[in-house]
Amino acid sequence: MKKLLVYLKDYKKETVLAPLFKMLEASFELLIPIVVKLIVDVGIANEAPRYVGRMCVVMILLGVIGLVCSITAQYFSAKAAVGFATKLRHTLFAHMQKLSFSQMDKMGTASMITRMTSDVNQVQNGVNMVLRLFLRSPFIVFGAMAMAFTIDVGAALVFVIVIPLLSVVVFGIMLITIPLYKRVQAGLDKILGITRGNLTGVRVLRAFHKEEEEKKEFAGGNDKLTAMQMFVGRISAVMNPVTYVIVNGATIALLWIGAVKVDGGILTQGAVMALVNYMSQILVELVKLANLIITVNKAIACGNRIGNVLEIEAGLTEGTVESGEAADGKAQSDRAEEPAAIGGQIPVVEFAHVSLTYPGAGAESLTDIHFKAMKGETIGIIGGTGSGKTSLVNLIPRFYEATAGCVKVDGVPVAEYSLRALREKIGVVPQKAVLFKGTIRENLLMGREFAGRPADTAEGNTSAGKEAEDEILREALEISQSAEFVDDKPDGLETQISQGGKNLSGGQKQRLTIARALVKQPEILILDDSASALDYATDLKLRRAIHGMKKAPVVFIVSQRASSILSADTIIVLDDGEVAGMGTHEELLQNCEVYQEIYYSQYPDKRGEVTA
Amino acid sequence: MGRKTDGAESAKQRGQLATLKKVFHYIGKYWFFLIFSIVCAAVTVTLTLYIPILTGDAIDCIIAPGKVDFTIIFRILKKMGIVIGCTALSQWVMSVCNNKIAYHVVRDIRRDAFERIQILPLKYLDAHPYGEIVSRVIADVDQFSDGLIMGFTQLFTGVITILGTLFFMFRENVGITLVVVCITPVSLFVAAFIARRTYKMFKLQSETRGEQTALIDEMIGNQKVVQAFSYEDKALSRFDEINERLAKYSLNATFFSSLTNPSTRFVNSLVYTGVCVTGALSAIRGGISVGTLTCFLSYANQYTKPFNEISGVFTEFQNALACAARIFALIEEAPQPAEPEHARVLKDASGRVALSHVAFSYVPERKLIEDLNLRVESGKRVAIVGPTGCGKTTIINLLMRFYDVDAGSISVDGTDIREITRKSLRENYGMVLQETWLKAGTVRENIIMGKPDATDEEVIAAAKAAHSHSFIKRLPEGYDTVLSEDGGELSQGQKQLLCITRVMLCLPPMLILDEATSSIDTRTEIRIQKAFAKMMEGRTSFVIAHRLSTIVDADTILVMKDGHIIEQGNHKELLSQNGFYAELYNSQFVMSE
């Protein structure tokens, strides 16, 4: 939480002025009982209505000054808190953009979103409240005591006893109940879990007629929660009566001491009134302080969660190699001694004994992967769930870092590229077809900016740039087999896609994500099970179109369907993270057991043909 | 038009009244505590209000040196002590009573809601997202108890405080009271004014927040795509644009709404000053004593407080009533039709299943199944194939009686399933669904779900038969490994095997299997297939088929499309028909060249 406070740096003035003005307001509030005392002791005792009138003007003036101070303070604290939160949100968002995939996996999307939204709001609220109240309340409490001392030292001793006593009661009860409330929350989570489980498993539970047992389980958790709540409730119910007794007991003491001192001529009647007034001010502020502490506690918890996110260091250190072409030349000269080139050609993608262990995982997800992909080749990757297909292709754009071995693109290890340069070479079509809210054009242009036409200032484009752009988009749509349905839309490329692409079918979304990758005109195209929502015919047309591209990229096709990868130049068969076979379809059918198993489970009729 | 909105308004009020009645029905069970609480509240407030009077009386006895009446002061202070003690006690009892009512009403409502969920038709549960129902049972009930029950006490004590203060004040001095009564509403007016003016700012703020959350959701939720396309900078600049706007709106909303407190405090200080002037002047004229003035000053301080609280209570009330209405809507939702009194208890069914003229649809406007006829002899295997959304799962829903047919009938062993108890009907089916569901609990608990008294030997035998024994053995605690909700630690295939083991243990005469293929690797798939085959021996089984082997071997294949059975027969017959089935079947080989 402390680390977050740097975001208040730009609001130094506000953070100092806000509590200062609050204190000013409080000081004026502390003067009121003195004025009342004067009215009683001077105005009433001397029967001077004019004096009373003057004092009243003073009181109104104090009120007005207090109001002005307070409004000023509110403004400064609002400004500081809002500015703080804005900056924090910006930093947090920017930071999350830099996290590596494994860090994201660890944190989980849902919790990242919570950090960004409700946690930041809580912290903003906390900062606001602290600036407003954290100084004011103690100031009033101790100010009241100080004022009591100016009136009479003997009577002020009552304050000296009461303030610690009240503090012990208020904060003591809070200290006891806060952890208990956490347990109440845990109890609530428990019955929430039961309810959700009951709903998600409703078919199974009813099939096994478990309704009665579920009821019992729920009732058990429910009763436990109620008992816990009653217990905590009983403790916190003590707070109000006890503080009431203390403050009013102190009032009795003040009255008695006052009576003795007035009798002795040390104090006046008005002074006694003022003392009683100060006593009642203390209670109000202490209760406010207690509530404030709860808010602050929450804010600190949220702040710490945010702090934890910010403390995660960006997972990948970027290299410096900026452009592919430069890398080509430079790499060739720099690494002339490396035997990477086959027949004078550098492989576009090369895996050299690569292994991958996900952080926190016990076993390797990929073991000793070794292959080369040359210009224009198609690599098929097949294997069961969890066999490491996606892990393998994720290493190419450096979404994850190989834990052993080396992945090279154009002969340069991926870690030596800047991420942007590396990823510009690669078009990825992920398993899940994700499109963003916006027009189809905006979505397609995500990975690419055309000269003279940054995607977000649509006006500033030359017509030539626009034509070139349209041509590229058209080509991508044709290849990805999406031209037809895009043309069918009345707005064509300008059709709005709703959030999450809900207004498109699964197949349409998938084809558009393929088009989006093609617009980048990548050197490497990765299709991660991207044809699963397409029918066999479209799948085939797609593959043929990609193959026929002018600048044909290296294509990686990850699939569960044997049909999608049959014609690949090389098929890599993965089994439990290891290469179970590598070669063409015919070769694998001869010598790879895992491949046969997969193939025949999908084509049982073919079994006879080959063995025969 | 005015009348129309009036009508809507009064309907809304009637609805709220009805909700309130139901709330009272729940509270009624704790009427004793309620009465106790009300009495205590009255006592607490009265005594609290009595203290300033006593203080004033005491101050009147402390006039000047030599003019202090210690005997009376002592008497007054003793009285004060007793009053304080009583107040504290009744305050505590009141809180405890309120807690008792609040927490127990919440408990009762939750219990009723959960029990209702157990008998609600799946039609309702499927139509409502789980999250929504859960939030009704958990969050809405909480909000309701906070808002309504706490609101009640605040409202009640607030009203008594106001009335009590007025009563005491009028008794002491009419003039000063009038000053208080006249100035106080200004504070309410100011608060209302600020609230009205800031409403728009808050709306803007929450709209912008919503916009920002949507963007965060999209970008952070799909961070991997964002990074893959190097979209980070653009995402950040889009974010910043919204963030700047939010900062502006947020500053307005925060600042202007935070004016409420200082403003009302200022009005209160005006009230205080007013009391001071009129009181002091009246004291000079000998109208009231200084003690009475003290008393008035403290009244002036606390008189305005309940007003501010009450205005807050009303908005919470509305909110709480809305929550309550949602919960009651759930609790009062019509349950599944009751079983006839002499419903047959199906025992060891032979497995003859017949569907005759069955019609069914989830929404009346979209017909799904019409005039479906099917006779299955015992021990036969029925495969159901067809494209996604054709109604395959619906057949399961109807067979298990998760849904009731709209027309026609389904019978098992010649008895209409509506004449059979649900429990015994479902006991005769073993069901394995594509979406594997496991309960939070141990592996063993999950397996014995259908046969709670199974011995360890039986469990292990079933696990071996279902090919799950070997992986269960390798779990950290074997059969006693605790699985988190939905079996988080297990792979999809392992979960599927556990679900099969569950059915394998009780092996009912009829089976419903939804073959899952998409997310399971080939090795496990083969094991699952073997387990399925073993189970189906000699049992009537309905299989939603994805695998060719199932289809080829089935006694009857139902080819479904758009809710209709368009073809029916065995593999050979259907292929020779050269219809939709043949097309579907052959499409799998078209691209193999």
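Rules used in this analysis
- Residues numbered from 1 in each chain as written.
- Chains lettered and ligands numbered in written order.
- Predicted model: local features only at pLDDT ≥ 70, side-chain atom pairs only at ≥ 80, totals over all residues.
- Heavy atoms only, no water.
- Salt bridge = Lys/Arg side-chain N within 4 Å of Asp/Glu carboxyl O.
- Helix = DSSP H or I, 4+ residues; strand = E, 2+ residues; numbered from the N terminus.
- Buried < 20%, exposed > 50% of the residue type's maximum accessible area, 1.4 Å probe, protein only.
- Pairing = 2+ DSSP bridges.
- Contact = heavy atoms within 4.5 Å.
- Axes fitted to C-alpha atoms, helices over the stretch in contact; angles between N-to-C directions.
- pLDDT = per-residue confidence, 0-100.
- Parallel < 35°, antiparallel > 145°, perpendicular 65-115°, else oblique.
- Left-handed = near helix turned anticlockwise from the far one by under 90°.
- Nonpolar A, V, L, I, M, F, W, Y, C, P; charged D, E, K, R; others polar.

### A closer look at the pattern of salt bridges
The final tally for this structure, using the stated rule, is 46 salt bridges over all chains. A:Lys87 serves as the salt-bridge partner of A:Asp10, at 3.0 Å between the closest nitrogen and oxygen. Taken as a pair, A:Asp10 in the segment before α1 (12-44) and A:Lys87 in helix α2 (residues 49-98) lie far apart in primary sequence, 77 residues in all. With a shortest N-O distance of 3.3 Å, B:Asp108 and B:Lys29 are connected by a salt bridge. With a gap of 79 residues between them, B:Asp108 in helix α3 (residues 70-119) and B:Lys29 in the loop between α1 (2-28) and α2 (31-60) connect regions that are remote in the sequence. Take B:Asp108: its relative accessible area is 1%, and that puts it in the buried class. Residues participating in the shared-partner salt-bridge network are A:Lys22, A:Glu25, A:Glu29, A:Arg136, A:Glu285, A:Lys288 and B:Arg265.

### Some words on the sheet that holds strand β2 (residues 369-376) of chain B
All names here are of chain B. Taking strand neighbours across the sheet as the criterion, the four strands line up as β2-β1-β4-β5 in an open arrangement whose pairing is antiparallel. Each edge of the open sheet is held by one strand with a lone partner, namely β2 and β5 (415-416). Inspection of the sheet shows strand β1 (residues 353-360) paired to strand β4 (residues 407-412) by five bridges, in the antiparallel sense. Bridged to Ala359 within β4 is Ala407. Relative to the sheet, helix α11 (residues 392-399) contacts β1, β2 and β4, its axis offset from that of β1 by approximately 115°.

### Some remarks on the confidence of the model for chain B
Residues and elements named next belong to chain B. For chain B, mean pLDDT is 83; residues scoring 70 or higher make up 92% of the total. When the criterion is pLDDT under 50, residues 589-593 qualifies, and its contacts beyond four places in sequence or with other chains add up to 12 contacts. If you check the scores for this complex, the pTM reads 0.72 and the ipTM reads 0.81.

### Examining the packing of α2(B) against α3(B)
Residue and element names in this part refer to chain B. Taken N-terminus to C-terminus, the directions of α2 and α3 make an angle of 155°; their axes are 8 Å apart at the nearest point. The orientation of α2 relative to α3 falls into the category roughly antiparallel. α2 and α3 meet at a crossing whose hand is left-handed. Grouping the amino acids of the contact of α2 with α3 by side-chain chemistry returns 21 nonpolar, eight polar and three charged.

### As for the environment of A:Met129
All names here are of chain A. Residue placement: Met129 occurs in helix α4 (residues 109-134). Judged by relative accessible area, Met129 falls into the partly exposed class, the value being 22%. Put simply, Met129 and Gln74 are 55 residues apart on the chain and 9.7 Å apart in space, counted from C-alpha to C-alpha. Apart from the residues within four sequence positions on either side, Met129 is in contact with Phe134, Leu292 and Thr295.

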